[in-house]
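Below, each chain spelled out in residue letters.
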Amino acid sequence: MSALTPPTDMPTPTTDKITQAAMETIYLCKFRVSMDGEWLCLRELDDISLTPDPEPTHEDSWEDLTDLVEQMRDDTEDPNYLMANERMNLMNMAKLSIKGLIESALNLGRTLDSDYAPLQQFFVVMEHCLKHGLKAKKTFLGQNKSFWGPLELVEKLVPEAAEITASVKDLPGLKTPVGRGRAWLRLALMQKKLSEYMKALINKKELLSEFYEPNALMMEEEGAIIAGLLVGLNVIDANFCMKGEDLDSQVGVIDFSMYLKDGNSSKGSEGDGQITAILDQKNYVEELNRHLNATVNNLQAKVDALEKSNTKLTEELAVANNRIITLQEEMERVKEESSYILESNRKGPKQDRTAEGQALSEARKHLKEETQLRLDVEKELEIQISMRQEMELAMKMLEKDVCEKQDALVSLRQQLDDLRALKHELAFKLQSSDLGVKQKSELNSRLEEKTNQMAATIKQLEQSEKDLVKQAKTLNSAANKLIPKHH
């Protein structure tokens, strides 16, 4: 203990300081990853140093500190302690990845594809989370760890997942369980059901125990937290093409540089991102305009067809009304004839009653047929009236829909005009910047010409200086020769 005793003038760290430093540190591979707000701070594990407090707490604080450090070293060698640190690390990485993906996707404002870097890193982090604590299965080629087995269980828990599981199995380019698991994650994200599937899987610990160790991330509280965080991904739209993508041979390495704070790079790419967003919005508005034009044309055709059918029904209704009036008049006439025949039968001789009775029965039969025909016509009229009312209601709804579509089309055209004006402004700024660059290049060429001329002039001056020096030397030598002669 004497070798660990500090000098008398050195302050000693407190137990709370050591505990806080240990709680804020998480371990991954050979690095210590500390959370600094929303970003990461990376240091090597060999770089462990403790900051002392200004004043000691009590006389035996240094002995307590050394005991605590030895205890922490023993704890770091414990597998459960290391697994807990790995779970905390992966959970924090998942938080950063999900938050960064949502923010960047909302700023981008378009459908994401497989080439989007934050989305690629999210799948890498999810793959590490699903691989944490997996039990190794012995195969003919050795031990194998794959998270495809747990994902296959989801279709038993949630029937909706059977569709994407069957799609993954039918993909011809996937030959390994790892590739199938990666494809399953992408399809679940496209379906916006990844959070629901993960929650259903995590709630069945008895099924997961077949694939994971007891202290794995999917078996602990961190897995439930990550499943809850995945709900936020339902606000983004993603579209992947699985046929041409090689998911079997991809290397899943977490890129920590995406989560380290760098203000200069974000400012540099802000202008390009705005231009890309404007162009995407322009393409989206043009596509939406085409769809709306096609919809308006279809609705106009439907309105024309409904107007024709309405005209036809109106004509049929008029014909039916005329027929009803005719039948009513005929029924009145038959009633009058039957009453006249009855009166004549009462007054006439008995011999004529048989013929009149036959005529009366025929008249009654005819009246019955006409009555039945009238009822049929009335039913048909009621059906036609109800169909007409339905047609009128449908026409009103279609007219309202057409008006709304026209209003939306006007607003979209206005937005398209604004985008075109903005595009012209950007093109003008680009031309002005090109003109400035051209002027600067011309000025630079002129300066280079002047520099060359000045260099040539300097060489001439240096040559003339050398000639003058030579002449001075000759004159000095001549003067030295003349001086002895005079003496």
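Residues numbered from 1 in each chain as written. Predicted model: local features only at pLDDT ≥ 70, side-chain atom pairs only at ≥ 80, totals over all residues. Heavy atoms only, no water.

(A) Structural context of the overall build of the chain. Helix and strand content of the chain: 14 helices and five strands. Counting over 487 residues, the chain shows a buried share of 29%. (Helix = DSSP H or I, 4+ residues; strand = E, 2+ residues; numbered from the N terminus. Buried < 20%, exposed > 50% of the residue type's maximum accessible area, 1.4 Å probe, protein only.)

(B) View of the packing of helix α7 (residues 162–170) against helix α8 (residues 177–190). Their axes nearest at 9 Å, the elements α7 and α8 cross at an angle of 140°. Judged by the angle between their axes, α7 and α8 are oblique. Between α7 and α8 lies a crossing whose hand is right-handed. Facing Ile-164, Thr-165, Ser-167 and Val-168 of α7, the residues of α8 in contact are Arg-180, Ala-183, Trp-184, Leu-187 and Ala-188. For the contact of α7 with α8, the per-class residue count stands at six nonpolar, two polar and one charged. (Axes fitted to C-alpha atoms, helices over the stretch in contact; angles between N-to-C directions. Parallel < 35°, antiparallel > 145°, perpendicular 65-115°, else oblique. Left-handed = near helix turned anticlockwise from the far one by under 90°. Contact = heavy atoms within 4.5 Å. Nonpolar A, V, L, I, M, F, W, Y, C, P; charged D, E, K, R; others polar.)

(C) Region of the structure containing the pattern of salt bridges. Under the counting rule described, the total for this entry stands at ten salt bridges. A salt bridge links Glu-127 to Lys-131, with the shortest nitrogen-to-oxygen separation between them at 3.0 Å. Here Glu-127 pairs with Lys-131, and both are found in helix α4 (residues 117–131), just four residues apart, close to one helical turn. Using a relative accessible area of 6% as the deciding quantity, one classes Glu-127 as buried. Residue Lys-131 is classed as partly exposed on the basis of its relative accessible area of 34%. The partner of Glu-330 in a salt bridge is Arg-333, with the nearest N and O atoms 3.9 Å apart. Of the two residues, Glu-330 and Arg-333 are both situated in helix α13 (residues 270–347); the distance of three residues between them amounts to about one turn of the helix. We classify Glu-330 as partly exposed; its relative accessible area is 22%. Among the residues examined, Arg-333 registers a relative accessible area of 41% and is labelled partly exposed. Each of Glu-127, Lys-131 and Arg-182 takes part in one network of salt bridges that share partners. (Salt bridge = Lys/Arg side-chain N within 4 Å of Asp/Glu carboxyl O.)

(D) Structural context of the nonpolar core. Counting 62 residues, the largest nonpolar core has Leu-112, Leu-119, Phe-122, Trp-184, Tyr-212, Met-218 and Leu-233 as its most contacted members. Sorting elements by how many residues they give to this core places helix α3 (residues 79–108) first, with nine residues. If sequence neighbours within four positions are ignored, Leu-112 has contacts with Leu-101, Ala-105, Leu-119, Ile-236, Asp-237, Ala-238 and Asn-239. (Core = buried A, V, L, I, M, F, W, Y, C linked by side-chain atoms within 4.5 Å.)

(E) Region of interest: unusual backbone geometry. Its identity is not glycine, yet Lys-192 carries a phi of approximately 60°, on the positive side. Relative to the elements of secondary structure, Lys-192 occurs in the loop between α8 and α9 (194–202). Classification of Lys-192 by relative accessible area gives partly exposed; the value is 33%.

(F) Spatial organisation of a negative patch on the surface. Where like charges cluster on the molecular surface, the negative patch consists of Glu-315, Glu-316, Asp-376 and Glu-380. For the negative patch, the secondary structure elements donating two or more residues are α13 and α14 (351–486). (Patch = residues over 30% accessible without salt bridge, like charges linked within 9 Å, V, L, I, M, F, W, Y side chains within 5 Å. Areas by Shrake-Rupley, 256 points an atom, 1.4 Å probe, with all protein chains shown as cover. Lys, Arg positive; Asp, Glu negative; His and termini not counted. Charge placed at Lys NZ, Arg CZ, Asp CG, Glu CD.)

(G) Broad picture of helix α11 (residues 221–229). Where α11 is concerned, the buried positions are Glu-222, Gly-223, Ile-226 and Ala-227. Looking straight down α11, one finds its buried side chains confined to an arc of 140°; they lie on one side. Buried residues in α11 make contact with α3, α4 and α9. (Arc of directions from axis to C-beta.)

(H) Representation of the packing of aromatic side chains. Per the stated rule, a full pass over the model turns up three aromatic pairs. Residues Phe-122 and Phe-123 carry aromatic rings whose centres are separated by 5.5 Å and whose planes lie at 55° to one another, so their mutual orientation is tilted. Both residues of the pair, Phe-122 and Phe-123, belong to the buried class. Their ring planes at 45° and their centres at 5.8 Å tell us that Trp-184 and Tyr-197 sit as a pair that is tilted. Residue Trp-184 is found in helix α8, and its partner Tyr-197 is found in helix α9; the two are separated by 13 residues along the sequence. When its relative accessible area of 0% is taken as the criterion, Trp-184 is described as buried. The rings of Phe-122, Phe-123 and Phe-240 are connected pair by pair, giving a single aromatic cluster. Here Arg-186 stacks its cationic end above the ring of Phe-123, 4.3 Å away from the centre of that ring. (Phe/Tyr/Trp six-rings, centres within 6.5 Å; stacked < 30°, edge-to-face > 60°. Lys NZ or Arg CZ within 6 Å of the ring centre and 35° of its normal.)

(I) Here's a closer look at the confidence of the model for the chain. Across the chain, pLDDT averages 76, with 74% of residues at or above 70. Predicted confidence in the chain is weakest over strand β1 (residues 25–28), with a mean pLDDT of 39, and strongest over α9, with 91. Scored below 50 in pLDDT, residues 17–39 shows 59 contacts in the model against residues more than four places distant or in partner chains. Predicted confidence for residues 41–61 stays below pLDDT 50, and this span has 37 contacts to residues more than four positions away or in other chains. (pLDDT = per-residue confidence, 0-100.)

(J) Main features of α8. Compared with an ideal rise of 1.5 Å per residue, which puts 14 residues at 20 Å, α8 spans 20 Å between its outermost C-alpha atoms and is within 8% of the ideal. With respect to burial, α8 is a largely interior element, eleven of its 14 residues being buried. Within the sequence span of α8, burial applies to Val-178, Gly-179, Gly-181, Arg-182, Ala-183, Trp-184, Leu-185, Arg-186, Leu-187, Ala-188 and Leu-189. (Expected span 1.5 Å × (residues − 1).)

(K) Region of interest: the side chain of Asn-215. Within the secondary structure, Asn-215 is located in the loop between α10 (205–208) and α11. With relative accessibility at 18%, the residue Asn-215 sits in the buried group. When neighbours within four sequence positions are excluded, Asn-215 is seen to be in contact with Asn-80, Met-83, Arg-87, His-132 and Glu-220.

(L) How the structure looks around the environment of Ala-318. Looking at where Ala-318 falls in the secondary structure, it is placed in helix α13. In the structure, Ala-318 is positioned 63 residues away from Leu-381 in sequence and 9.9 Å away in space, judged by C-alpha atoms.

(M) Spotlight on the environment of Ala-216. Checked against the element boundaries, Ala-216 lands in the loop between α10 and α11. The class of Ala-216 is buried, set by a relative accessible area of 0%. In the structure, Ala-216 is positioned 82 residues away from Leu-134 in sequence and 7.3 Å away in space, judged by C-alpha atoms. When neighbours within four sequence positions are excluded, Ala-216 is seen to be in contact with Met-83, Arg-87, His-132 and Gly-133.

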